[in-house]
Amino acid sequence: MSEEKIGVYICHCGTNIAKVVDVEDVAEWAGNQPNVEVSREYKFMCSSLGQDLIEEDIKEKGLTRIVVSSCSPHMHEKTFRTACERGGLNPFMFEMANIREHDSWTTDDETAATQKAKALTNAAIERVVHHEALEQLPVEINPNTLVVGGGIAGITAALELADGGRHVYLVEREPSIGGHMAQLDKTFPTLDCSACILTPKMVDAGQHPNITLLTWSEVEKVDGFIGNFTVSIRKKARYVNEEHCTGCGICIEKCPFNVVDDIFEAGMGDRKVIYRPFPQAVPKYPVIDKENCVYFQKGKCKACEKFCPTEPNSIEFDQQDEILTVDVGNIILATGFQLFDSTKIPQYGYGRLPNVFTGIEFERMVNASGPTDGKIVLRDKKTAPKSVAIIHCVGSRDENYHKYCSKICCMYSLKFAHLVHERIPDAEVYNCYIDMRTPGKGYEEFYNRLLEEGTHFIRGKVAEVTNAARKPEEKGKLIVQVEDTLIGRQRRVPVDMVILSPAMEAQPDSKEISQLFKMGCDFDGFFTERHPKLDPVATMTDGILIAGACQGPKDVPDSVAQGAAAAARVAGLINLGTVMMEPVRASINQEDCSGCRICNNMCPYNAIVFHADRKVSEVITALCQGCGTCVAACPSGIISGAHFTNDQLFSQIEGILWDVRPEKELVSA
Amino acid sequence: MSEKPKLAMYWAASCGGCEISVLNIHEHILTVDSIFDIAFFPCIADFKVHHVENYPDGYIDVCLWNGAIRNSESEHMAHLLRQKSKVLVAYGSCAYEGCIPALSNLTSKAATFNTVYGENHSLDNPNQVVPLTSVDVAEGTLTLPEFYHTVQSLDQVVDVDYYLPGCPPEPPQIWAVLQVVVAGLLEGAPLPPKGSIVGVTNTAVCEECDRVKSEKAIERFYRPYEITPDPEVCLLDQGLVCMGLATRGGCGALCPQVNMGCRGCYGPMPGVEDQGAKMLSAIASVIGAGEPGMEDAELEEKIGAVVDTIVDPAGTFYRFSMAHSLLRRAKVNGNGKG
Ligand SMILES: Cc1cc2nc3c(=O)[nH]c(=O)nc-3n(C[C@H](O)[C@H](O)[C@H](O)COP(=O)(O)OP(=O)(O)OC[C@H]3O[C@@H](n4cnc5c(N)ncnc54)[C@H](O)[C@@H]3O)c2cc1C
């Protein structure tokens, strides 16, 4: 051990570390620790000059181990490993101590911070002595990709890859792709018709030779790792044979039963029991809503089958769910968002006061192919409102619901105001907002346009929407009670219609989805990116990427950008053909395994097999992801985790406790 | 004195089972007798401490020490016998890792005294008399060894050459080890490296157990009297705590063969610092509770309910290894309550 020559480098990180930690003192102190050959401090270790220091010291002083005390390994472990490699050292002869996130950023106490920096550095010094040279493992990348979620983000990602000649499985759980964008009428800020820009992309995705479109389908199981995932997909029974169906729609026409369409029409309209969510749906094949189908429930009807003109008949009442298994190299999650449930804020009256609408109801209402043929009318479906109030931040920026800003609601609320002006020119429109947030290309201009269109802007959080009139002119109206903070007065604004602009929130099953794909989601349920600034579409799990509103509130342009970014990432990896995998793996010493089988069902990657003939378990190296679960579980201590051996961990613990004098053992009282 | 090598065996905090185990090597005991001269063996021969004190240093060739270090007397004897012995063997689980006596490390000296001399249904001690290290009486001063707060293993007090685990060690292993030692002493054959754990295998007890093991998902644990186990199936798979998987083999898996889960007396596997912790993490890994997607709080409750079926986890998982584990002892405050 004493033959090791360690180089220790303490980073200032500008002032991030040096402001609180006495870096000179730490460096000097580290220089006196056993085996330490050189100890330096430097302004930015991650700069090329900082890296050169390491490289040169290895070459000139024959260093055999390197310790850098700086930021989180998430940031720069790779940087410094590569520097070691350039200097001629195995990259795993390196250990990083995090004296920024774990130290200088947590306190203003200089003495304590310096002491802790020493402890963390010492832990690394003592650990690194036990490091072993490890070789990275090359893994081949399967060139096929799975995209989950067929909203605009998922469609974009799928098309980018497919156009580049790569095969994509696009899985959508609704009967059609399109996502929320398909429900919208116009899109801010340019007001192009949502369907006009979306449907060509949907059609492309539906017809692309490189895209296997699996709608009415959900992912059930994901095994494997980057380059080699095996995914089981449940293709739910449509009760319509996709090979025979021509999409003529006669079955829909002839189906005698209507139900309220809570999904696509947001409850504003009906659909048939055999249905396509909307006329431009992709694929064109309808599905039978089994729950509401009279034939399925009562055994009689079969109108759809009777009128189906295809030969053979496309209706298949005995169709079963199918489980498909596909192999892919990468997975892009684009599962989108859901809208905040406005009934959770009872004082705004949604669900209680008929003429309070949600944003998505309004979108359907103004849509030319929607339930009112694009007419803005009250719940009676006849009367056009003469005055409309639009309430921003419903469920957003609110301690009781979501603290975050949903980012798009100001813009779509302005869009709503514009649409009311456009369709009912003499209507008064009030936008009640907390702050007007319109950052984005052409967005502020759009706001200005609305200011000129005569919208009344009231800056204040709405307290309540009520139908209890206090004055004659309030009779029969909805009264919006709001403090207008710009004039410093409470106002009661009587209107005919109120539109709520609800928050964008994570899908209700986002936690389960994150577990299924073994990646993280945050407290709000949005998927966690690898780095909030520098790596927004990757996740902590290699090979799993995220795009669109599943990562956080986003408008269409941002969702598209992320879809394309995720696709570019995947395309780059596919081009490489192989990735180098961390050699941090578990292995079982075959001679010492007693075959107790504790580890067998432990592995999240199914990398452990039991050989019944020899009664021993084995880790399949290519499948192991080095998570360490089996290492911890093995009661015999014979599964070892490379780079996390007992020696390494115990010496690290001892190192961190260097200044803790063990209490004198209480042997005799 | 003859030229035969000298053998000693001493007991500290122990039950006497280790002495019996030496006699339990059957007819081989005659060979032992013919090879060795007994130099000190309080259980079977009438030697006094002053005899030992008068031996020259290193006079005893092999000393089998059993028992944990419980009080000042055992500590003194450990130092004495270390000085007088060429080879000191920590014999049996108490000497090796503290064993049952060391379970009192979970509490304090005061609490132990209270159980033994104070509040105990089988006691009548109205004046609450407890042992003192010295008492003045008319005839002079009476002394007793000092009872320590913490029980230690032999190697926590003196340097140990070999360890022979077991509670007690199994006869075939004892005989095998004695043969190696004899070959070393008489024929100059190489002895195992100092610090070796002898009379054991390098695999866990499961290796020696023929029961069929499966993938595990344990929904509740049973105490031995609660079920009649299937004789073919792994006891742990049936919910009986069996330490075999965290315990070094060599015993021949005797306990599981008779439907009794391994207690763990052969100690941890090579390279394992803490047998109890290892077993705990193994058990925690195979608890079959809850369903995927369940809320954390509910899952925790479900897991808690399964774990609660293990009675006395510390006494179960650290039954033999407390003194030598990473835990070593519980923190106790002044009044001796945990
Ligand atoms: C009222 C309103 C108005 C808006 N107006 C505009 C506007 O004018 N301009 C603008 O730029 N943006 C607007 N937006 C925002 C826009 O809707 C989003 O930016 C966009 O829809 C996000 O696309 P996405 O693909 O990420 O998610 P989504 O559109 O939510 O699509 C996600 C898709 O994934 C599917 N899915 C979810 N989970 C699974 C699963 N587990 N398996 C398979 N499939 C799954 C869903 O069914 C859905 O099809 C508006 C939003 C709202 C609510």
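Residues numbered from 1 in each chain as written. Chains lettered and ligands numbered in written order. Predicted model: local features only at pLDDT ≥ 70, side-chain atom pairs only at ≥ 80, totals over all residues. Heavy atoms only, no water.

1. Structural notes on the overall build of chain A
Step number 1: A count of helical and extended segments in chain A gives 16 helices and 34 strands.
Step number 2: Each principal axis of the C-alpha atoms in chain A carries an extent, and together these give about 90 × 70 × 60 Å.
Step number 3: Taking all 669 residues of chain A together, the buried fraction comes to 54%.
Step number 4: Carbon and sulfur atoms provide 51% of the accessible area of chain A, an area that totals close to 29700 Å².
Step number 5: Measuring between centres, the 70 positive side-chain charges of chain A sit 7 Å from its 92 negative side-chain charges. (Helix = DSSP H or I, 4+ residues; strand = E, 2+ residues; numbered from the N terminus. Buried < 20%, exposed > 50% of the residue type's maximum accessible area, 1.4 Å probe, protein only. Areas by Shrake-Rupley, 256 points an atom, 1.4 Å probe, with all protein chains shown as cover. Lys, Arg positive; Asp, Glu negative; His and termini not counted. Charge placed at Lys NZ, Arg CZ, Asp CG, Glu CD.)

2. Thoughts on the state of the cysteines
Residue and element names in this part refer to chain A.
Step number 1: Enumeration according to the criterion identifies one disulfide over all chains in this entry.
Step number 2: The disulfide partner of C193 is C196, and the gap between their sulfur atoms is 2.3 Å. Handedness here is read from the sign of the S-S torsion; for C193 and C196, about 90°, the answer is right-handed.
Step number 3: Its sulfur unpaired, C46 is 6.0 Å from the next cysteine sulfur, which belongs to C11.
Step number 4: Owing to a relative accessible area of 30%, C46 belongs among the partly exposed residues under this scheme. (Disulfide = S-S within 2.5 Å.)

3. Points about the pattern of salt bridges
Where charged atoms from two side chains of opposite charge come close, those side chains can pair.
Step number 1: One pass over the structure, following the stated rule, counts 44 salt bridges over all chains.
Step number 2: Its salt-bridge partner being D25(A), residue K118(A) comes within 3.1 Å of it at the nearest N-O pair. Of this pair, K118(A) sits in helix 4 (residues 110-128) while D25(A) sits in helix 1 (residues 23-31); the two residues are 93 residues apart in sequence, bridging distant segments of the chain.
Step number 3: By relative accessible area, K118(A) is classed as buried at 9%.
Step number 4: The partner of K6(B) in a salt bridge is D37(B), and the shortest N-O contact between them spans 3.8 Å. (Salt bridge = Lys/Arg side-chain N within 4 Å of Asp/Glu carboxyl O.)

4. A word on the sheet that holds strand 2 (residues 36-42) of chain A
All names here are of chain A.
Step number 1: Taken in spatial order, the four strands make up an open sheet running 2-1-3-4, and their pairing is parallel. Every interior strand has two partners, whereas the edge strands, strand 2 and strand 4 (94-98), have only one. This sheet shows a mean twist of 15° between the axes of neighbouring strands, independent of strand direction.
Step number 2: Across five bridges, strand 1 (residues 6-11) lies against strand 3 (residues 65-70) in parallel orientation. Note that in strand 3 the partner of I6 across the bridge is R65.
Step number 3: In this fold helix 1 packs onto strand 1 and strand 2, with an angle of close to 175° to the strand it touches most, strand 2.
Step number 4: Contacting strand 1, strand 2, strand 3 and strand 4, helix 4 runs over the sheet at an angle of about 165° to strand 4. (Pairing = 2+ DSSP bridges. Axes fitted to C-alpha atoms, helices over the stretch in contact; angles between N-to-C directions. Contact = heavy atoms within 4.5 Å.)

5. Overview of the nonpolar core
Looking at soluble globular proteins, one finds that nonpolar side chains tend to be buried together.
Step number 1: By size, the foremost hydrophobic cluster in this structure holds 43 residues, and its most contacted members are I598(A), F221(B), L236(B), L245(B), M279(B), I283(B) and F317(B).
Step number 2: Looking at this core element by element, the count peaks at three residues for helix 9 (residues 275-285) of chain B.
Step number 3: Among residues more than four places away in sequence, those in contact with F221(B) are E226(B), L236(B), G239(B), V241(B), I283(B), I287(B), V306(B), T309(B) and I310(B).
Step number 4: One finds I177(A), V282(A), I332(A) and A334(A) within the second-largest nonpolar core, a separate group that totals 41 residues. (Core = buried A, V, L, I, M, F, W, Y, C linked by side-chain atoms within 4.5 Å.)

6. Some remarks on the pairing of strand 30 (residues 578-581) of chain A
All names here are of chain A.
Step number 1: Residues V579 and M581 line the buried face of strand 30, whereas the alternating positions T578 and M580 sit on a face that is not buried.
Step number 2: Note that strand 5 (residues 137-140) and strand 30 share four bridges and pair antiparallel. Bridged to L137 within strand 30 is M581.

7. Some details on the site of the ligand
All names here are of chain A.
Step number 1: Near the ligand, the surroundings consist of 37 residues, among which E172, H180, K415, K554 and V556 are the closest.
Step number 2: Between the ligand and K415, the relevant distance is 2.7 Å, taken from an oxygen atom to a side-chain nitrogen or oxygen of the residue.
Step number 3: The separation between an oxygen atom of the ligand and a polar main-chain atom of V556 is 2.7 Å.
Step number 4: Contact with the protein chains hides 97% of the accessible area of the ligand, taken as 1000 Å² for the molecule alone.
Step number 5: Secondary structure elements with two or more residues in the shell around the ligand: helix 5 (152-163), strand 8 (186-187), strand 19 (337-339), helix 10 (359-366), helix 11 (409-423) and helix 14 (556-576). (Near = heavy atom within 4 Å. Polar contact = N/O pair within 3.5 Å; in protein donor to acceptor, adjacent residues only side chain to side chain.)

8. Brief notes about the interface of chain A and chain B
Interface size is commonly expressed as the accessible area that is lost once the parts come together.
Step number 1: With 30 residues of chain A in contact, the opposing surface of chain B contributes 33 residues.
Step number 2: Buried area between chain A and chain B, summed over both chains or domains, comes out near 2500 Å², and the portion from carbon and sulfur atoms is 53%.
Step number 3: Here chain A and chain B share zero salt bridges between them.
Step number 4: In this structure, the connection of chain A to chain B is made through nine residue pairs in polar contact (both at pLDDT 80 or more).
Step number 5: Secondary-structure elements contributing two or more residues to the side of chain A that touches chain B are helix 13 (510-516), helix 15 (629-633) and helix 16 (646-656) of chain A.
Step number 6: Residue composition of the side of chain A that touches chain B, by class: 14 nonpolar, nine polar and seven charged. (Buried area = accessible area lost by both parts, 1.4 Å probe. Nonpolar A, V, L, I, M, F, W, Y, C, P; charged D, E, K, R; others polar.)

9. Here we look at the domain arrangement of chain A
Residue and element names in this part refer to chain A.
Step number 1: Here the domain parsing of chain A yields domain 1 (6-134), domain 2 (137-235 + 323-336 + 507-581), domain 3 (237-320), domain 4 (339-504) and domain 5 (586-642).
Step number 2: Taking the mean C-alpha position of each, domain 2 and domain 5 sit 33 Å from one another.
Step number 3: Contact residues are listed per partner, giving six residues for domain 2 and seven residues for domain 5.
Step number 4: Carbon and sulfur atoms supply 60% of the area that domain 2 and domain 5 bury against each other, a total of about 540 Å² over both sides.
Step number 5: On the domain 2 side of the contact with domain 5, G224, F225 and K518 bury the most area, a combined 63% of that side's loss.
Step number 6: For the interface between domain 2 and domain 5, the tally reads zero salt bridges.
Step number 7: In this assembly, domain 2 and domain 5 are joined by one residue pair in polar contact (both at pLDDT 80 or more).
Step number 8: Tallying contributions element by element places strand 11 (residues 217-225) first for the side of domain 2 that touches domain 5, with three residues.
Step number 9: Looking at side-chain class alone, the side of domain 2 that touches domain 5 contains three nonpolar, one polar and two charged residues. (Domains from an automatic or database assignment.)

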